[in-house]
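Spelled out, the chains give:
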Amino acid sequence: MKGKRFLGLGPEIIVLSVILFLVEFVRGAVLVSFIPIFGKNELMLQLTIIGTAITAHYLTDTILKTFIGYLLDRWSARWVINIGLLLSLLGIILFAWGNHPALFVFAAALYGVGISPVWIVCLTKVKEDQRAAQMGYLYMIWLVGMGSGPVVLNFILDRQSSWAYTLLVILAAAAWIISFFVAGGRQTGAATVPFREQWAALKERLVAMKPLLPGMILQTLGASMLVPVLPTFAKEFLGLSATQYSVLLLLGGGCTVLGLMPMGKWSDHAGRKPFLFIGFAIFAIMLASLSLKPSTGLAYGIAVVLGLSYSAVLPAWNALLALYVPPSQKGLGWSLLSTVEGIGVLIGPIIGGVIADYISISAVVWISAALFAIIALIYLLFPSRWFAEH
């Protein structure tokens, strides 16, 4: 109760947090473990097909962000979230017929439908006077869900793959059922504004942040390239067992979660630019270090530093984006900015899968590290006024 009062959390955001955790647990399990591991080991699919399935998931997620954000400024969040999660549940169920590559890709695409509304609604509920603390809380829920999903599923996949599928269906169904308890009503509480006027306001903000767009796209591209190859990279290149890979994920994800709130408050005081530059630079160096075939112990240490550097980047990046969201159209604003970020996600998994199949898996990691180094350089060279209040 004391934590809830400290963060200013109401019953509404608590219900959304439970749904967010379940949704991200399933998403992390599906994208990081189920699709890459089950698709390669059980269905014998090429990494290119696996990358295509992950891209299909992000494609529907990204396309619908704009449309769903528009709906959230006009319609009840309960039904937007409910219908989206029902379609996502159907996508999970379709994985039962995933031995057909086309259906495997379609199932991943359908699963992407219900992801956008939950996160966007959470963003609209954050109070401006407690942004760092509440965003740290939401990112903690997001990362704990996303991080624990693949860890749990890795253990289950090692024993019985059918159990993994059953767990995904049960948790996706639970998120859908809980969505009936989300409060109704539009998200911003503002009067309905014509879409043309909303777009004009957002266009003005996007033009103002034009120098930041390359970083927005490159960072999601660099991260998403790794998704289809990570399990195979850990097993074949680093020589990690499924349990050791799970420990690696736990260390990286755990350090990210632990660092989010202190890093967020620190960046609120110290400024966003140094956190973005230093965070991305360290992330690039550590990622490249994994390609040097470190020992298991050293790989664990690298995962810790990767997690801490990511925790430095996330709050600063979110606070930067928040400057460009019109207060009267939060739903549409966050959805359109998320769509811009999603451009890199759309092509990253396919690029990663193709490079892994036709060059090598380690080449994917090296290229990803290079992209993060470029991002760090971009943020270093940008003048500080781009990171200040407008």
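Quick caveat, the model's predicted, so the values are computed rather than measured.

## Things to note about the packing of helix H2 (residues 11-42) against helix H6 (residues 115-125)
Each pair of packed helices gets described by two things: the angle between the helix axes and the distance between those axes.
Step number 1: Two elements in contact, H2 and H6, have axes separated by 10 Å at closest approach and are oriented at 145°. Along this stretch, H2 crosses H6, giving a crossing that reads as left-handed. Every residue of H6 that contacts H2 at Glu 12, Ile 13, Leu 16, Ile 19, Leu 20, Val 23, Glu 24 and Arg 27 is listed here: Ile 115, Val 118, Trp 119, Val 121, Cys 122 and Lys 125.
Step number 2: Of the residues contributing to the contact of H2 with H6, the split by class is 10 nonpolar, no polar and four charged.

## Some points on unusual backbone geometry
Step number 1: Of note in the backbone geometry, Lys 293 takes a positive phi value of approximately 55° without being a glycine.
Step number 2: Here Lys 293 is to be found in the loop between helix H13 (272-290) and helix H14 (296-322).

## Quick word on H2
Helical periodicity: at 3.6 residues per turn, an α-helix aligns residues three or four positions apart in one direction.
Step number 1: At Val 30, H2 shows its strongest bend, of approximately 45°.
Step number 2: Counting buried residues in H2 gives 23 out of 32 residues, a clear majority hidden from the surface.
Step number 3: Positive phi shows up at Met 44, right after H2, with a value of about 60°.

## Comments concerning a nonpolar patch on the surface
Step number 1: A cluster of nonpolar side chains, namely Trp 79, Ile 83, Leu 86, Leu 87, Leu 90, Ile 93, Trp 97, Ile 177, Phe 180 and Phe 181, defines an oily patch on the protein surface of about 960 Å² accessible area.
Step number 2: A total of six residues in the nonpolar patch trace back to one element, the largest contributor, which is helix H4 (residues 77-94).
Step number 3: Using a relative accessible area of 47% as the deciding quantity, one classes Ile 177 as partly exposed.

## Regarding the nonpolar core
Step number 1: Membership of the largest hydrophobic core comes to 118 residues, with the highest contact counts inside it found for Val 30, Ile 35 and Phe 95.
Step number 2: For this core, the leading source of residues is H2, giving 16 residues.

## A look at the packing of helix H10 (residues 213-226) against helix H16 (residues 361-381)
Step number 1: Remark: H10 packs on H16, axes separated minimally by 9 Å, with the N-to-C direction vectors making an angle of 160°. Of the possible angle classes, the one that applies to H10 and H16 is roughly antiparallel. Considering only the axes of H10 and H16, their crossing is left-handed. Between H10 and H16, the contacting residues are Pro 214, Gly 215, Met 216, Leu 218, Gln 219, Leu 221, Gly 222, Ala 223, Met 225 and Leu 226 on the first element and Val 364, Val 365, Ile 367, Ser 368, Leu 371, Phe 372, Ile 374, Ile 375, Ile 378 and Tyr 379 on the second.
Step number 2: Tallied by class, the residues present in the contact of H10 with H16 amount to 16 nonpolar, four polar and no charged.

## Here's the deal with the confidence of the model for the chain
Step number 1: Summarising the model, the chain shows a mean pLDDT of 79, and 78% of its residues fall at 70 or more.
Step number 2: Taken as a whole, residues 1-7 scores under 50 in pLDDT and shows nine contacts with residues more than four places along the chain or in a different chain.
Step number 3: In this model residues 187-192 is a low-confidence stretch, pLDDT under 50, and it forms 15 contacts with partners more than four residues away in sequence or in other chains.

## Brief notes about the pattern of salt bridges
Step number 1: Under the definition given, this model contains one salt bridge.
Step number 2: Here Arg 27 makes a salt bridge to Glu 24, at a shortest N to O gap of 3.2 Å. Of this pair, Arg 27 and Glu 24 both sit in helix H2, separated by three residues, roughly a single helical turn.
Step number 3: Taking the relative accessible area as the measure of exposure, Arg 27 reaches 9% and is therefore buried.

## A word on H6
Step number 1: With respect to burial, H6 is a largely interior element, 10 of its 11 residues being buried.
Step number 2: For H6, the set of buried residues is Ile 115, Ser 116, Pro 117, Val 118, Trp 119, Ile 120, Val 121, Cys 122, Leu 123 and Thr 124.

Conventions used here
Residues numbered from 1 in each chain as written. Predicted model: local features only at pLDDT ≥ 70, side-chain atom pairs only at ≥ 80, totals over all residues. Heavy atoms only, no water. Axes fitted to C-alpha atoms, helices over the stretch in contact; angles between N-to-C directions. Helix = DSSP H or I, 4+ residues; strand = E, 2+ residues; numbered from the N terminus. Left-handed = near helix turned anticlockwise from the far one by under 90°. Contact = heavy atoms within 4.5 Å. Nonpolar A, V, L, I, M, F, W, Y, C, P; charged D, E, K, R; others polar. Bend = angle between axes of the 7 residues up to and from the residue. Buried < 20%, exposed > 50% of the residue type's maximum accessible area, 1.4 Å probe, protein only. Patch = residues over 30% accessible without salt bridge, like charges linked within 9 Å, V, L, I, M, F, W, Y side chains within 5 Å. Areas by Shrake-Rupley, 256 points an atom, 1.4 Å probe, with all protein chains shown as cover. Salt bridge = Lys/Arg side-chain N within 4 Å of Asp/Glu carboxyl O. Core = buried A, V, L, I, M, F, W, Y, C linked by side-chain atoms within 4.5 Å. Parallel < 35°, antiparallel > 145°, perpendicular 65-115°, else oblique. pLDDT = per-residue confidence, 0-100.

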